[in-house]
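Observations on the three-dimensional arrangement
Okay, here's what each chain looks like letter by letter:
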Amino acid sequence: MHLALFIIFAVLCVTGALNLLLQRHPINSALSLIVVMSSLAVLYLLLGAEFLAAAQVIVYSGAIMVLFTFVIMLLNAGKEERTHGSKLAYVAGFPGAAALLGLLAFIFISRRGEFGQARLGDYVATTGDLSRVLFRDLLLPFEVTSVLILIAILGAVALARKEH
Amino acid sequence: MVPIAYYLVLSAILFSIGVAAFLIKRNIITVFMSIELMLNAVNLAFIAFSRQWSQITGQLQVNGQIFVFFVMVVAAAEAAVGLAIIIAIFRARNTLNVDQVDLMKL
Amino acid sequence: MNSDLHLWLIPLVPFAGFLVNGLVGRKLPKALVTTIALVASLVPALQVAAIVTKFGSLTLPYLENHGAWIAAGSFHADFAFQLDQLTLVMLCIVTGVGFLIHVYSVGYMAEEQGYWRFFAYMNLFLFFMLTLVLAENFLLMFVGWEGVGLASYLLIGFYYTRVSAAKAGMKAFVVNRIGDFGFLIAMFLLVAHFGSLSFSEVFSQIGAHPEWQSGFLTAIALFLVLGATGKSAQIPLYVWLPDAMEGPTPVSALIHAATMVTAGVYMVARTHVIFDRSPLALAVVATIGVATAFFAATIGILQTDIKRVLAYSTISQLGYMFLGCGVAAYSAGIFHLVTHAFFKALLFLAAGSVIHSLSGEQDMRAMGGLRKKIPITFWTMTAAVLAISGIPPFAGFVSKDEILYQAFLSPNGGKIFWAVGLLTAGLTAFYMFRLWYMTFFGERREPLASHEEDLAPVHARSDTKLVLEADPHAHPVHESPWVMLGPLVILAILSVIGGFMGWPEALGGSNWFGRFLEPVVAAAHPTSAGGGNNSLELILALTSVAVAAIGWLFAHILYYAKPGLPARMAENLRVVYTLVKNKYWVDEIYGALIVAPVLFIARWLLGVLIDRVVIDGGTLTAGYTAQGFGALIARIQSGNIRSYAGWLALFAAALLAISYFGWTTHFYLQ
């Protein structure tokens, strides 16, 4: 049964990703990305990462993608034009991406015995477990991250401000 | 009972699609979104590995998930700043086409 | 035990003078330049004089070694100087006559722009010539050899704004180079056979092997002869000397009369040990010498430029010196070198004085009647003319006669050498007195309206200091200042009494000079064996005096008594006249046979084909290739984000593959 769950949401992910690729209007791509992220949240749950599943929905789908949508609206992004910028992107990029995929797939599949199986319910990481590590061992990176966010806010404001 | 390798393969697929989208799309915002897709794929891989590690050592290992946490934070910050930059570029160039933003000078 | 003579100081003081005058002379006041130059040439003269006084107490040869120059395996060449009788003779000539000419130049070059440059070059010349003479090995001598060639080039082309002067300088240098090539080959052969270039080593090795005759020694000697013909202007490399008259007259006096051109003769005398073992080489030397002497004399009788006559005369007299050496009478050749230095330098300097007093006129056809107007110049020049013509008891008579006597005694055709030499002596007297009459006697002739009729490249005015056009009355004819006349007088005295040094026994003297040089140049040479006696020498001497007198008589008739005669003779002997007047067209022949092909090869074959096509083409191609590649690779930096992403994806995949599969193709598969 878990396998069925996995397969459904995995297919949803891949479909959303392909849709992002194939759609012309950025808003459609954004909405597909939201689908991907939400499906990923489910997959995280299947792997036992409760907190992260929630965070994924709240932060990624809820904040970041909304931000994207706002910007698309603000800039009035329309359908994509067809311009030819780089032949290389097609010539070298596609084979590159394909090679990447092939390689990774090959590695993972050839060693799948080492990875084992995941069963829902085992090794669930609660919020408490995460916070124990986060606020004790990794306190400094945590605080630094908050500074990072502060800087990001300042930077975003400064960059996006209208010049008078 | 899902083999963890499947998660990893899924992550690889999502990553490759992200790369392909990055290469194909001409709208800056869409390119940015493909970057987010790639980041998410990588997050999935981290969590899968953290699960695998837990299974190997027999104890709960959360370091992979901590990593994902930080990735999310940084991705958020990066998304904010990146979109601000896109707005600034739009104001200067009046275009969202990646191919037309090929000079360093604005 | 030898006291320390500091031989190294002798060449170095003039070199210091060259450095000072050459580097800062332009900014110094003229008096300072003069002082430096004169001091730089006087100090060596004084040092040589001091050596002369000490000479008796020295053990000879005196050697001074200043350290190794080249030390390569078993071969080494040192900065080594030597002093023996031959060196001392040459030193006296170079420093003594050199100093006198420096003094003369102070007056002659007084109004030149390049005054400091002139003296710098003259001092440089002294440095190199003294090195040549003092050298103890072939390599150091070659340094001096080349160096005097360089100084000669610089001084011939002193008036560098004149094309003819520049060309003459180049011609001198290039022709000398051909001779130098011979010298170089000789040096290579010496190293190959003897493993050393030091005189003492080579000569002692030869001395230790009396069975070495001819063969490779002939080869070495012949190449040395090639070098000597270049430097001493003998056939076939004499063509540079007449053109070298483009230089200022003191230069002609010092370099092309007294010292540089005698380097070849000195070299033959110095290396006589080699020549003594090769009768063939000696015969070649003698033949070249006597042929050149005669040939040059025939050309000299028809030249109209006063300096040209003297140039051909120099070539001719050098031929005599070569003849002397060629019959193994080295001391006779050197003696003639000494006396020639006196009277030839005097002739040139006096000619310079004449030119100076005529405000630049050099064509003898525009001279005449100067006897009363420039008396001192006249009398000193007369002394020189008498000396060169071989009138006793002047210096030239003794030395020339000695050579002719030794030639007569020499086996293998000595009589022919003597006969040709005798004829040449007659011609010498003829053209020298011709010069004398045309310059000083008769009525002053007008300068020629057009000077182009004289095809000699030396213009009527080779001295740029007075650029007056043919107007001899602009500056009245005046005697030269005493700074110029002083050296003339001294040299005249030497030309008169110089002969007594080597007065032969046959005529009552003791031949001090010959005996002085004997330890150096005497050797077990089969030629010039005895067979002569005093009465033979007396007869031959009288014969040469008679021939000289006949030459004088002809000159007197043609150029004093019956001035219209030469023109009529020229008409009658038109073909011969034209041939000789054009110097047998040797320059033109060389130009067509040698210079033109070489230029063609250089310009077209090497210049265009190899230089432009191959080398330029090659380098340009390399350049363009690099540029092309660069342009290709620069396309990566397009600014296009997507292409960057493409590269990134590609290489990320590659990296991943490499890190997974390892650097080799060893697969970590389970």
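None of these values were measured; they are calculated from a predicted model.

**A closer look at the overall build of chain A**
- Within chain A one finds seven helices and one strand.
- Order of helices (α) and strands (β) in chain A, N terminus to C terminus: α-α-α-α-α-β-α-α.

**Looking at the environment of H478(C)**
Residue and element names in this part refer to chain C.
- Relative to the assigned elements, H478 resides in the loop between α18 (414-440) and α19 (482-497).
- By the C-beta count within 10 Å, which is 12 here, H478 ends up exposed.
- Measuring from C-alpha to C-alpha, the distance between H478 and V354 comes to 9.2 Å, with 124 residues separating the pair along the chain.

**Brief notes about the confidence of the model for chain B**
Residues and elements named next belong to chain B.
- The predicted model of chain B has a mean per-residue pLDDT of 91, with 98% of residues at 70 or higher.
- At the low end of the mean pLDDT range in chain B sits strand β1 (residues 2-3), at 89; at the high end sits helix α2 (residues 28-57), at 94.
- Interface confidence for the predicted complex, expressed as ipTM, amounts to 0.91; the pTM equals 0.70.

**A closer look at the interface of chain B and chain A**
- Each partner contributes to the interface: chain B provides 62 residues, whereas chain A provides 72 residues.
- Counting only elements with at least two residues in the side of chain B that touches chain A, the list comes to β1, α1 (4-24), α2 and α3 (63-93) of chain B.
- Among the elements that take part in the side of chain B that touches chain A, α3(B) stands out by supplying 20 residues, more than any other.
- Across the side of chain B that touches chain A, the residue classes break down as 48 nonpolar, ten polar and four charged.
- Strand direction decides the pairing type here: strand β1 (residues 117-118) of chain A and β1(B), joined by two bridges, are antiparallel. Its bridge partner lying in β1(B), Q117(A) is registered against P3(B).

**Considering helix α2 (residues 26-46) of chain A**
- The end-to-end C-alpha distance of α2(A), which contains 21 residues, comes to 30 Å, matching closely the 30 Å that a straight helix rising 1.5 Å per residue would cover.
- Where α2(A) ends, the next residue or the one after it, G48(A), has phi of about 90°, a positive value.

**Quick word on the nonpolar core**
- Ranked by internal contacts, the top residues of the largest apolar core, which has 213 residues, are F125(C), A345(C), L346(C) and A384(C).
- No other element matches the 18 residues that helix α15 (residues 330-357) of chain C contributes to this core.
- Sequence-distant contacts of A384(C), that is, excluding residues within four places in its chain, are made with F343(C), L346(C), L347(C), A350(C), A492(C) and S495(C).
- With 91 residues, the next largest nonpolar core counts L33(A), I17(B), A75(B) and A84(B) among its residues.

**Things to note about the interface of chain C and chain B**
- Listed per partner, the contact involves eight residues of chain C and seven residues of chain B.
- Partitioned by chemical class, the residues of the side of chain C that touches chain B number three nonpolar, four polar and one charged.

**Some thoughts on helix α14 (residues 306-326) of chain C**
All names here are of chain C.
- Given a rise of 1.5 Å per residue, 21 residues ought to cover 30 Å, and the 30 Å separating the end C-alpha atoms of α14 matches this to within 8%.
- Burial analysis of α14 places 21 of its 21 residues in the buried class, the great majority of the element.
- Following α14 by one or two positions, A328 adopts a phi angle in the positive range, close to 65°.

**Section: the packing of helix α6 (residues 163-194) of chain C against helix α8 (residues 216-231) of chain C**
All names here are of chain C.
- One way to put it is that α6 packs onto α8 with a least axis distance of 7 Å and a crossing angle of 155°. Classified by the interaxial angle, the pair formed by α6 and α8 is roughly antiparallel. Two packed elements cross with a definite hand, and for α6 against α8 that hand is left-handed. When α6 is examined against α8, the residues V175, N176, I178, G179, D180, G182, F183, I185, A186, L189, L190 and H193 are found in contact with a partner set consisting of F216, A219, I220, F223, L224, L226, G227, T229, G230 and K231.
- Its residues assigned to classes, the contact of α6 with α8 shows 13 nonpolar, seven polar and two charged.

**Some remarks on the pairing of strand β1 (residues 62-72) of chain C**
Residue and element names in this part refer to chain C.
- For β1, a buried count of one out of eleven residues is recorded, marking the element as mostly open to its surroundings.
- In terms of strand pairing, β1 meets strand β2 (residues 75-83) through eight bridges, oriented antiparallel. Each residue of the ladder has a partner; that of E64, found in β2, is F81.
- The antiparallel hairpin formed by β1 and β2 contains two residues in its connecting segment, where G73 sits at a positive phi of about 65°.

**Some points on the environment of A92(A)**
- Looking at the secondary structure, you find A92(A) in helix α4 (residues 87-110).
- With 21 C-beta atoms packed within 10 Å, A92(A) lands in the buried category.
- If we skip the residues at most four places from it in the chain, A92(A) touches G646(C), W647(C) and L650(C).

**Digging into unusual backbone geometry**
- For the peptide bond that leads from I235(C) to P236(C), omega is 0°, which places it in the cis range.
- Tracing the backbone through its elements, the reader meets P236(C) in the loop between α8 and α9 (240-243).
- A cis amide bond links P392(C) to the next residue, P393(C), at an omega of -5°.
- Among the structural elements, P393(C) can be located in the loop between α16 (375-389) and α17 (395-409).
- Even without being glycine, N94(B) reaches a positive phi, approximately 60°.
- Among the residues examined, N94(B) registers 8 C-beta atoms within 10 Å and is labelled exposed.
- Although it is not a glycine, W585(C) sits at a positive phi angle of roughly 55°.

**Quick word on the packing of helix α5 (residues 138-156) of chain C against α6(C)**
Residues and elements named next belong to chain C.
- It is the contact of α5 with α6, at a shortest axis distance of 8 Å, that shows an interaxial angle of 170°. Judged on the interaxial angle alone, α6 and α5 are roughly antiparallel. Contacts between α5 and α6 involve F138, F142, W145, E146, G149, S152, Y153 and I156 from the former and A165, A168, G169, A172, F173, N176, D180, F183, M187 and L190 from the latter.
- Taken together, the residues of the contact of α5 with α6 break down into twelve nonpolar, four polar and two charged.

What counts as what
Residues numbered from 1 in each chain as written. Chains lettered and ligands numbered in written order. Predicted model: local features only at pLDDT ≥ 70, side-chain atom pairs only at ≥ 80, totals over all residues. Helix = DSSP H or I, 4+ residues; strand = E, 2+ residues; numbered from the N terminus. Buried ≥ 20, exposed ≤ 12 C-beta atoms within 10 Å, placed from the backbone. pLDDT = per-residue confidence, 0-100. Contact = placed C-beta atoms within 7 Å. Nonpolar A, V, L, I, M, F, W, Y, C, P; charged D, E, K, R; others polar. Pairing = 2+ DSSP bridges. Expected span 1.5 Å × (residues − 1). Core = buried A, V, L, I, M, F, W, Y, C linked by C-beta atoms within 7 Å. Axes fitted to C-alpha atoms, helices over the stretch in contact; angles between N-to-C directions. Parallel < 35°, antiparallel > 145°, perpendicular 65-115°, else oblique. Left-handed = near helix turned anticlockwise from the far one by under 90°.

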